[in-house]
Amino acid sequence: MRIQLSDHFSYKRLLHFVISPVFMMVFTSFYSIVDGLFVSNFVGKTPFAAVNLIMPVAMGAGVIGFMVGTGGSAVVAIALGEGKKEQANRYFSMLIYAAALMSAVLSVLGIVFMPEISRALGAEGELLQNCIIYGRILFAALPGFVLQCAFQNFFVTAEKPGLSLKLSVFSGITNAVLDFVFIVVFKWGIAGAALATAIGEILGGVLPVLYFSRRNSSLLRLQRTRFEKKVLMRAFANGSSEMVSNLSSSLVNILYNFQLMRLAGENGIAAYGVIMYVNFAFMAIFIGYSIGSAPIISYHYGAGNRTELKNLFQKSLVLIGTGGVAMLALAELFASPLVEVFAGYDAELSAMTCHGFRLYALSFVIMGFNIWGSAFFTALGDGGVSAAISFLRAFLFQTVVVIVLPLLLGLDGIWLAIVAAEFLAVIVTVTFLMLKKEQYQYT
């Protein structure tokens, strides 16, 4: 069934369109999950802690891809909705080239300063050496990761979400197979884990370049373009919420690690790492739905079709709410077997992690509304509101509660910090949705 952005979307058609981005994000989350799985079970607890310390830094550097992808795809989709296909392709090309250049600069800086970054995170001794090895290899592949993140959004805008899913599956499987080969067979340890991830990310970034550089059946194609500062700034401003969200998440994860090191030592960092791996897979569903639905919203907003905008708004709220309840039920039911996959070799670590995850999972009921709400305003071109939701949710609220709650509840305060932060954020999201409904006419 061919689905176009201009279609009317029933529940069936909407789910059919967004299912590829959902699975795409789940497979993308496998990069860190698979690394953690193999490192924790075949390399050791200290290298596992190193992965957990460095991964937020790498994800923070990759924020360029999320910002260009989400903010840029909204700009491109609105141009398509206005019937300006040539302009849309020019914008698309310029944004991809800019992302590649900026990520290359960050890649060099990360490789050079990785020892200093690792020490600043509190690593020393064996942990420091593992952080440097893992971090330098990841940063060498940063341009591939950034482009992969950007193309995930542009594939949906180009009406080719299925291709994005296939590439993500291919990259994810490549990463998993190479993790086994490099870690289990060749015994390369943490360097093998990093190398497997790097190769998967490079494939995920380069293959879309090859596709869009040639004649294809999608709405977009890479071509010669010119630098347009206003368009770049508009895309950055529009995607600032995703930049704020991802960068804030990285900074907050670092803060979590500091608190956990203080309260529970290396076991605490390992437990949080496991919870984050499982959380990535659950949260990827909300992010994937947001990525898949955003270009549709942008298109109909650009086309002035307020009736379809209202339809998408109402159906999205129902799907997000239903999905949140279902994910909470699954998380509570399967908490123990999910944790055992990563930490079954250590009974104390497994018990701590399972208890922490059951508390953390309470956030799934409301998390989706905040993720989708921020993406919704990005799709409408309102980067300011989107950034405000993301900043408050991902940084300010979490920073405050992860400092305050442990003082009152000890280690449980860290696991419940996300629940408190999401609750505060959903109040903000609902407030903005009420305040902006007349301006955008989505109710």
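The structure displayed is predicted, hence computed values, not measured ones.

## As for the overall build of the protein
- In terms of helices and strands, the protein carries 15 helices and 0 strands.
- For the protein, the C-alpha radius of gyration of 21 Å lies close to 22 Å, the compact-globule estimate for 443 residues.
- Along the three orthogonal principal directions, the C-alpha set of the protein runs to about 60 × 45 × 35 Å.
- The buried share among the 443 residues of the protein stands at 61%.
- For the protein, long-range pairs separated by at least 24 residues make up 81% of all intrachain contacts whose partners lie at least 6 apart in sequence.
- Put simply, the protein shows about 16800 Å² of open surface, and 68% of that area lies on carbon and sulfur atoms.
- Within the protein, the 22 negative side-chain charges are centred at a point lying 14 Å from the centre of the 28 positive side-chain charges.

## Focus on the side chain of Lys315
- Position of Lys315 relative to the elements: it lies in helix α11 (residues 306-343).
- A distance of 2.5 Å separates a polar atom in the side chain of Lys315 from a polar atom in the side chain of Asn311.

## Quick word on the packing of aromatic side chains
- Applying the stated rule across the entire model yields 26 aromatic pairs.
- Measuring from centroid to centroid gives 6.0 Å for Phe9 and Phe17, while their planes differ by 75°, and the two rings are edge-to-face.
- Taking relative accessible area as the criterion, Phe9 reaches 0% and is therefore assigned buried.
- Residue Phe17 is classed as buried on the basis of its relative accessible area of 3%.
- With centroids separated by 5.1 Å and ring planes inclined at 45°, the aromatic side chains of Phe186 and Trp188 adopt a geometry described as tilted.
- Of the aromatic side chains, those joined through ring pairs into one cluster are Phe92, Phe151, Phe154, Phe155, Tyr211 and Phe212.
- Lying over the aromatic face of Tyr11, Lys315 brings its terminal NZ or CZ to 4.9 Å of the ring centre.

## Describing helix α3 (residues 63-81)
- Helix length check: α3 (19 residues) gives 27 Å between terminal C-alpha atoms against 27 Å at 1.5 Å per residue, within 8%.
- With 19 of 19 residues buried, α3 lies mostly within the body of the structure.
- Gly83 sits one or two positions beyond α3 and adopts a positive phi of about 80°.

## Looking at the packing of helix α14 (residues 383-409) against helix α15 (residues 411-440)
- Where α14 contacts α15, the axes come no closer than 7 Å and their chain directions differ by 150°. Considered as vectors, α14 and α15 are oriented roughly antiparallel to each other. Here the hand of the crossing between α14 and α15 comes out right-handed.
- Class assignment for the residues of the contact of α14 with α15 results in 21 nonpolar, 3 polar and 4 charged.

## So, the nonpolar core
- Counting residues in hydrophobic clusters, the biggest one holds 142 residues, and the most contacted among them are Phe92, Tyr134, Trp415 and Tyr442.
- With 23 residues, the top contributor of residues to this core is helix α10 (residues 240-302).
- Those residues within four positions of Phe92 in sequence are excluded, and the remaining contacts are Val76, Phe151, Phe154, Phe212, Leu220, Arg221 and Leu222.

## A word on unusual backbone geometry
- At Glu159, a position not held by glycine, the phi torsion is positive, near 65°.
- When you line up the elements, Glu159 lands in the loop between α6 (142-157) and α7 (161-185).
- For Lys187, which is not a glycine, the phi torsion comes out positive at approximately 60°.
- By the secondary structure assignment, Lys187 is in the loop between α7 and α8 (189-213).

Criteria and cut-off values
Residues numbered from 1 in each chain as written. Predicted model: local features only at pLDDT ≥ 70, side-chain atom pairs only at ≥ 80, totals over all residues. Heavy atoms only, no water. Helix = DSSP H or I, 4+ residues; strand = E, 2+ residues; numbered from the N terminus. Rg over C-alpha atoms; globule rule 2.2 N^0.38 Å. Buried < 20%, exposed > 50% of the residue type's maximum accessible area, 1.4 Å probe, protein only. Contact = heavy atoms within 4.5 Å. Areas by Shrake-Rupley, 256 points an atom, 1.4 Å probe, with all protein chains shown as cover. Lys, Arg positive; Asp, Glu negative; His and termini not counted. Charge placed at Lys NZ, Arg CZ, Asp CG, Glu CD. Polar contact = N/O pair within 3.5 Å; in protein donor to acceptor, adjacent residues only side chain to side chain. Phe/Tyr/Trp six-rings, centres within 6.5 Å; stacked < 30°, edge-to-face > 60°. Lys NZ or Arg CZ within 6 Å of the ring centre and 35° of its normal. Expected span 1.5 Å × (residues − 1). Axes fitted to C-alpha atoms, helices over the stretch in contact; angles between N-to-C directions. Parallel < 35°, antiparallel > 145°, perpendicular 65-115°, else oblique. Left-handed = near helix turned anticlockwise from the far one by under 90°. Nonpolar A, V, L, I, M, F, W, Y, C, P; charged D, E, K, R; others polar. Core = buried A, V, L, I, M, F, W, Y, C linked by side-chain atoms within 4.5 Å.

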